[in-house]
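# Architecture at a glance
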Amino acid sequence: MRALVTFLASRLTRALIAVWLVSTVVFVVMRLSGDPVPLLLPADAPRSEYARVAKELGTDRALPVQYAVFLGHVVQGDFGRSIHFREPAMGVAVGYLPATAQLGLTAFALAVLVAVPVGVISAVRRNTLVDHAVMAVALVGQSAPTFFLGILFILVLSLKAGLLPTSGRGDWTHLVLPALTLGAFSMASIARLTRSALLEVLRQDYVRTARAKGLREWRVVAKHAFRNAAIPVLTITGLQLGTLLGLSVVTETVFAWPGLGRLAIHSIYNRDYPVVQCVVFLSALVFIVINFAIEIAYGFLDPRIRPR
Amino acid sequence: MASSIPVSVPADAALEAARGGRVAQRTRRLVAAGAGFVLLLALVAVAAPWLSPHDPVRQSLRGRLAAPTLEGADGRAHPLGTDHLGRDVLSRTLYGARVSLLVGFAAVAVGSVVGGALGILAGYRGGWTDSVVMTVADAQLAFPFVLLAIGIIGVLGPSFPTLVAVIGLSGWVDYARVLRSQVLVLRSREFVDAILALGGAVPRIVARHILPNVLSTLVVIATLQLARAIVLEATLSFLGLGIQPPTPSWGGMIQEGREYLDSAWWISIFPGCLLLLTSLVVSRSGDWLRDLLDPTLRSE
C-alpha cells in the first residue's frame, strides 16, 4: 500500500512539473516575441493609449511579477482574450476540442483494431510472405511523414479513385482519410511491437508446456501467449495517444479538419498569440493527463513495476 | 522498456555463431548502402547548381504546370515537370536536398552536443545534477514537443537558427537518457578509479576514456535522430513555419503543389517520394547500425 502511494505521488509530481515547465516555456516564448501592445493598437494611437493598454495587460510591471501573475492566470485557465475572435482564448480553444477528440479517438481505435490482429498474424506466421509484406508496409508507415501520407491518400483514394471526400468535416466518409493518415504511424508501431512481443513470449517455457499438454495452437496463442504479450503493447499503445495529439496538427491542416491543430496554425498566421498559447497549453495538459492515467493504470496492471 | 534476456539456448553454438556472423555481414552491407545513399544525397546537395538543368527559382508564366516532359513549351527538358510558377521541379527537388540535410545535420549537432553533454554530466556527477537533468528530460517527454515547436516558431518567426535550435533541442532527451545510463555503468568500473588514484583529472577521464566508450551509442542515436530531424523540418516547412520561399525545400514544395494535386500531381509527389525514401533509408540505417554496434539498445 505504501509503495502504491509513493508511486502515485512520484507520478503526480512529475505530471505537475511537466505542466509547470510547459507554462514557463509558454511565458518565456511570449516575452521573447516582443511587446504585445503595438499589435493591439492602431499605428497612430497616442502614447497615453499605449500606457493604458500596457497597464491593462500588466506588461508595465517587473518580469518576475508578470511571471507570477501569468502562473496565477494559468491555474485559472485564463490566457487572455483572442485578438481575432474577440472572446476569451480558452473558450475559443475549448470549442475546437471536440473535432480534435473525434479525429484522434477514431484514428486511435482504427490503429489498435488493425495493428493488433495484424501483429498477431505476423508473429504466428513468422517468416512467411504475409509476415514480410506486413512488416515492410509497417516500416514504410513508421517512417513516412504524416503530411505526405495524407497527400498520397488524397491523390490516390479521393482524386483518382473518387472513393472519399478530400477535406472538411461532415458524415463518416470525411473521417476515414484523416483518421487513417493520423493513425498510420501508431498502427505501424503497434503492429511491429505486437509481433515482437508475441514472438518473445512464444519462446517461453510455459508456452512449450501449454503446447506439450496438447492444447490447440490458437488456444496457446490466444490464452497463454497473447495475455502476456499484451503488457508492453498496452504501454506503447497508451503512449501513442499522445503522439496522435502532436501529429493531429499536421493532419488537420492537410484535410482542413476544424480542430485544435488547425486553430493553432491559423492563429499563428493571424498573430493571435493568446490562442496559440492556449492551444499549446491545452494540448500539453491533455497529453500529460493521458500519460498520467496510463502510468497509473499500468501500475495497477503490472504489480512488478509498482514499487519503483 | 522491459529488458529481454534470451531464453533459448542454441542447440549448436558453433552453427549459431556462424549464422550470427553471416547476419552481421549482411547488416554491415546494409549500413554501408545506407551511408552511401546519404553521401550521394549530400553530393547532390553540394553539386545542385551543376546538376540542375534550370535555375530553381526562375519563373516562367508560359511554362506553368507542365507535365514531366523532355521537350517543354520553352523547348527545354523538364523531366519532373514544372510547378504553378513554371519553375522546374527537378531543379527544385535537387536544391531542396540542401535545406533538408543542412537543417538535419545542424539539428543533430545541436541535439547531440546538448543531450550528450547533459547525459554524461548527469551520469558522472550523479546527485542533484542527475535529478534535475532527468526531471527536465521526463517532463519534456511528457508533452507533445512538435506542438510546442510549432508554437515557438510561430511566435518567434521562422529562421534558420530558430529552426535548428528547436528541432535540435526537441531530440536532446534521447541522447541524455542513453548516455547517462552508459556513463553510470562506466564510472563504476575499476579503470576509472585507477585513473583517479593516479591523479587523473575528471575532464580528461571523460574526454579520453568515457567519450570513446559511448561514441558508438552516440552515432546510433544521431542517425535515428537525423531521420526525425529531416521529417520534422519538412513538416514545419509544409506548415509554412520552416525555410521560407522562394528557397526550395521538400516540405515547402509539397505544400505548394497541394492546390494542384488534381491537375499537376508531380509538384508534390516527386519531392515527397524523395523525402519518404530519405526518411526510410536513414531510419533503417539507424536500426541496422544499432544491431551492429549495440544490440542492447534495442527497444522494440
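Computed from a predicted structure; not experimentally measured.

## Considerations on the overall build of chain A
What chain A contains, in helices and strands, is 12 helices and zero strands. Along the chain direction, N to C, the helices and strands of chain A fall in the order α-α-α-α-α-α-α-α-α-α-α-α. Computed over C-alpha atoms, the radius of gyration of chain A comes to 24 Å, more than 25% over the 19 Å expected from 2.2 N^0.38 for 308 residues, which places it beyond the range of a compact globule. Expressed along its principal axes, the backbone C-alpha trace of chain A runs to roughly 90 × 60 × 30 Å.

## Considering the interface of chain A and chain B
Across the contact, 45 residues belong to chain A and 38 residues belong to chain B. Among the elements of the structure, α1 (2-32), α6 (129-143), α7 (146-160), α8 (173-202), α10 (217-254), α11 (260-269) and α12 (273-301) of chain A are those that each provide at least two residues to the side of chain A that touches chain B. No other element matches the 10 residues that α1 of chain A contributes to the side of chain A that touches chain B. Classifying every residue of the side of chain A that touches chain B gives 32 nonpolar, nine polar and four charged.

## Digging into the nonpolar core
Judged by nonpolar contacts, the single largest core of 155 residues is most densely connected at Ala93, Ala264, Cys278 and Val279 of chain A together with Ile150 and Ala176 of chain B. Those residues in contact with isoleucine 150 of chain B that sit more than four places away from it in its chain are Val249 and Ala264 of chain A together with Leu239 and Leu241 of chain B.

## Some details on the packing of helix α3 (residues 89-125) of chain B against helix α9 (residues 202-238) of chain B
Residue and element names in this part refer to chain B. Put simply, α3 and α9 touch, their axes get as near as 8 Å, and they point 140° apart. By the angle between their directions, the pair α3 and α9 is classed as oblique. The hand of the α3/α9 crossing is right-handed. Only Val206, Ile210, Leu218, Ala222, Gln225, Leu226, Ala229, Ile230, Glu233 and Ala234 of α9 make contact with α3, whose side of the interface consists of Ser100, Val103, Gly104, Ala107, Val108, Gly111, Ser112, Gly116, Ile120 and Tyr124.

## Structural notes on the confidence of the model for chain B
Close inspection of predicted coordinates is inappropriate in any region flagged by low pLDDT. Residues and elements named next belong to chain B. In the predicted model, chain B carries a mean pLDDT of 85, and the fraction of residues at 70 or more is 89%. Between the elements of chain B, mean pLDDT differs from a low of 79, seen in helix α5 (residues 145-156), to a high of 93, seen in α3. Counted against residues more than four places away or in other chains, residues 1-10, with its pLDDT under 50, gives seven contacts.

Quick notes on the rules
- Residues numbered from 1 in each chain as written.
- Chains lettered and ligands numbered in written order.
- Predicted model: local features only at pLDDT ≥ 70, side-chain atom pairs only at ≥ 80, totals over all residues.
- Helix = DSSP H or I, 4+ residues; strand = E, 2+ residues; numbered from the N terminus.
- Rg over C-alpha atoms; globule rule 2.2 N^0.38 Å.
- Contact = placed C-beta atoms within 7 Å.
- Nonpolar A, V, L, I, M, F, W, Y, C, P; charged D, E, K, R; others polar.
- Core = buried A, V, L, I, M, F, W, Y, C linked by C-beta atoms within 7 Å.
- Buried ≥ 20, exposed ≤ 12 C-beta atoms within 10 Å, placed from the backbone.
- Axes fitted to C-alpha atoms, helices over the stretch in contact; angles between N-to-C directions.
- Parallel < 35°, antiparallel > 145°, perpendicular 65-115°, else oblique.
- Left-handed = near helix turned anticlockwise from the far one by under 90°.
- pLDDT = per-residue confidence, 0-100.

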